[in-house]
Amino acid sequence: MNFYLNTLGELPISLEEPFTVNWTAPSNIALVKYWGKHGKQLPCNPSLSFSLRESTTTTRISFSPNKSLKVALNFQGQENEKFRERLERFFAGLGEVTHFFRHMEIDIESTNTFPHSAGVASSASSLASIALCVSSLIYHATEKEMDDGFYRLASYFARLGSGSASRSVYGRYSIWGHTSILSSNDEYAMEFKDYDPLFAELSDAILIVSDREKRISSTVGHSVMNVNPYADTRYLNAQKNVLKIIDAMKKGDLLRFFAIVEQEALEVHAMMMVANPPHLLFEPNTIEIINRIKEFKERTALPVGYTIDTGPNVHLLYFDRDKEKVMPFIEELRQFCQGGKIIFDGLGVGPVRNRIE
Ligand code: PMV
């Protein structure tokens, strides 16, 4: 891996004084999905996502020298032992990359702008904000000036915590995973910038069909791909879909763009339906919404489409310039959302380092 991390294990870094840092990072939604992993959180296929504007996590971390690794967490104003243990495992894993993390007290305070289980990937924004804090710590401890490598390093660390988080250290569109035409790779994500300006105005109405806990965790979901008889076909299709979507985005081909996005969403769900045991994550209202979107597109010929993560909630994607025409339709869909809940989000500019008060 040709960047700073190469040398990290050998760098004589130590922390003499406590260091506090605070980052806000966005959640992201994948248009071509990562589903299936191997080794240390390496993806079985490349993915392409965009970072959200409103759905973010802000994390403040104080790192202090200590005899051993100790992690404390306050998440949304409360203790959260399950998440704290996950983060302790994450930092213990970093201790294998550099000894630095083996002797540190890490005090984390983290809050999301969106409710847990709202159908927005909270692990992506959480782990990305934490990884950005870690990257800041390393740059501070090694007195390194800020450069592009900073975000690659953060993306690498984020990936170790949650694969999709690797794409949340950037704004707008990101690609993670090896492709035949870009210099992207499996270890960390990179920004994807080469698209028609139309795509700078993407909006996302997140239709909350259900805010219950996910029926299957990402960990279980990824692992069922290991024994899925259709896995290789899926990985090949995702490879092709990344190349196709890049081409559609470069050319500003909106119809092709949405055709790929919708096919991706349903293909990943199909993978779960053919797993053993099978998983069906749609609710009746998910299907109602999908059918209504199809009908709306046919009736209006507007460039809209949907994507769905591993749950029942639907992301209705549209362009800002069509907002007036799409808004009444979104209101019509509110009846299929739990408690009428819709999150109005869209393409975001990426993470922000906050001042320490
Ligand atoms: O990052 P994980 O392990 O939680 O996996 C998330 C996978 C999907 O959200 C379903 C798709 C993606 O590419 O983000």
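Since the structure is predicted, the reported quantities are computational estimates derived from the model, not experimental observations.

**Description of the packing of aromatic side chains**
In step 1: Under the counting rule described, the total for this entry stands at 19 aromatic pairs.
In step 2: Taken together, Trp23, Tyr139, Phe150, Tyr151 and Tyr170 form an aromatic cluster joined through their ring pairs.

**Here's the deal with the pattern of salt bridges**
In step 1: Applying the stated criterion across every chain yields a total of 20 salt bridges.
In step 2: Put simply, Arg292 and Glu332 hold a salt bridge, and the shortest N to O gap is 3.1 Å. Placement of the pair is Arg292 in helix H8 (residues 284-300) and Glu332 in helix H9 (residues 323-333), with a sequence separation of 40 residues.
In step 3: For Glu332, a relative accessible area of 31% translates into the label partly exposed.
In step 4: Here Lys294 makes a salt bridge to Glu298, at a shortest N to O gap of 3.3 Å. On the criterion of helical spacing, the pair formed by Lys294 and Glu298 is a turn pair, its members being four residues apart in helix H8.
In step 5: We classify Glu298 as exposed; its relative accessible area is 59%.
In step 6: Members of the salt-bridge network, linked through shared partners, are Glu81, Arg84 and Glu88.

**So, the site of the ligand**
In step 1: Taken together, Ala30, Lys33, Tyr34, Trp35, Ser162, Gly163, Ser164, Arg167, Ser218, His222, Asp309 and Thr310 are the residues near the ligand.
In step 2: Interatomic distance of 3.1 Å between a side-chain N/O atom of Ser162 and an oxygen atom of the ligand.
In step 3: Arg167 has a polar side-chain atom sitting 2.7 Å from an oxygen atom of the ligand.
In step 4: For the shell around the ligand, the residue count by class is three nonpolar, six polar and three charged.

**Thoughts on the sheet that holds strand S11 (residues 314-319)**
In step 1: Overall, antiparallel pairing links the four strands, which are arranged S10-S11-S9-S12 in an open sheet. In this open sheet, the two edge strands, each paired with only one partner strand, are strand S10 (305-308) and strand S12 (342-346). When the angles between neighbouring strand axes are averaged without regard to direction, this sheet yields 25 degrees.
In step 2: Where strand S9 (residues 202-207) lies against S12, five bridges are found, and the strand directions are antiparallel. Each residue of the ladder has a partner; that of Asp204, found in S12, is Asp345.
In step 3: Across the sheet, helix H7 (residues 254-273) lies against S10 and S11, angled at about 30 degrees from S10, the strand it touches most.
In step 4: Contacts from H9 reach S9, S11 and S12 within the one sheet, and its direction differs from that of S11 by about 165 degrees.

**Quick word on a nonpolar patch on the surface**
In step 1: The grouping of Tyr230, Met273, Val274 and Leu280 at the surface amounts to a nonpolar patch, some 360 Å² of accessible area in total.
In step 2: Overall, the relative accessible area of 35% leaves Val274 in the partly exposed class.

**Points about the domain arrangement of the protein chain**
In step 1: Looking at the assigned domains, one finds that the protein chain contains domain 1 (3-194) and domain 2 (203-346).
In step 2: Spacing between the C-alpha centres of domain 1 and domain 2 amounts to 26 Å.
In step 3: Contacts between the two partners involve 35 residues from domain 1, matched on the other side by 41 residues from domain 2.
In step 4: Contact between domain 1 and domain 2 buries roughly 3,200 Å² in total, counting both sides, with carbon and sulfur atoms accounting for 66%.
In step 5: The three residues of domain 1 that bury the most area against domain 2 are Leu31, Lys33 and Trp35, which together make up 26% of that side's buried surface.
In step 6: Residue Lys250 is joined to Asp194 by a salt bridge in which the shortest nitrogen-to-oxygen separation is 3.6 Å.
In step 7: Between domain 1 and domain 2 we count 11 residue pairs in polar contact (both at pLDDT 80 or more) in total.
In step 8: Elements with a minimum of two residues in the side of domain 1 that touches domain 2: strand S1 (19-32), strand S4 (47-65) and strand S7 (173-176).

The rules we used
- Residues numbered from 1 in each chain as written.
- Predicted model: local features only at pLDDT ≥ 70, side-chain atom pairs only at ≥ 80, totals over all residues.
- Heavy atoms only, no water.
- Phe/Tyr/Trp six-rings, centres within 6.5 Å; stacked < 30°, edge-to-face > 60°.
- Salt bridge = Lys/Arg side-chain N within 4 Å of Asp/Glu carboxyl O.
- Helix = DSSP H or I, 4+ residues; strand = E, 2+ residues; numbered from the N terminus.
- Buried < 20%, exposed > 50% of the residue type's maximum accessible area, 1.4 Å probe, protein only.
- Near = heavy atom within 4 Å.
- Polar contact = N/O pair within 3.5 Å; in protein donor to acceptor, adjacent residues only side chain to side chain.
- Nonpolar A, V, L, I, M, F, W, Y, C, P; charged D, E, K, R; others polar.
- Pairing = 2+ DSSP bridges.
- Axes fitted to C-alpha atoms, helices over the stretch in contact; angles between N-to-C directions.
- Contact = heavy atoms within 4.5 Å.
- Patch = residues over 30% accessible without salt bridge, like charges linked within 9 Å, V, L, I, M, F, W, Y side chains within 5 Å.
- Areas by Shrake-Rupley, 256 points an atom, 1.4 Å probe, with all protein chains shown as cover.
- Domains from an automatic or database assignment.
- Buried area = accessible area lost by both parts, 1.4 Å probe.

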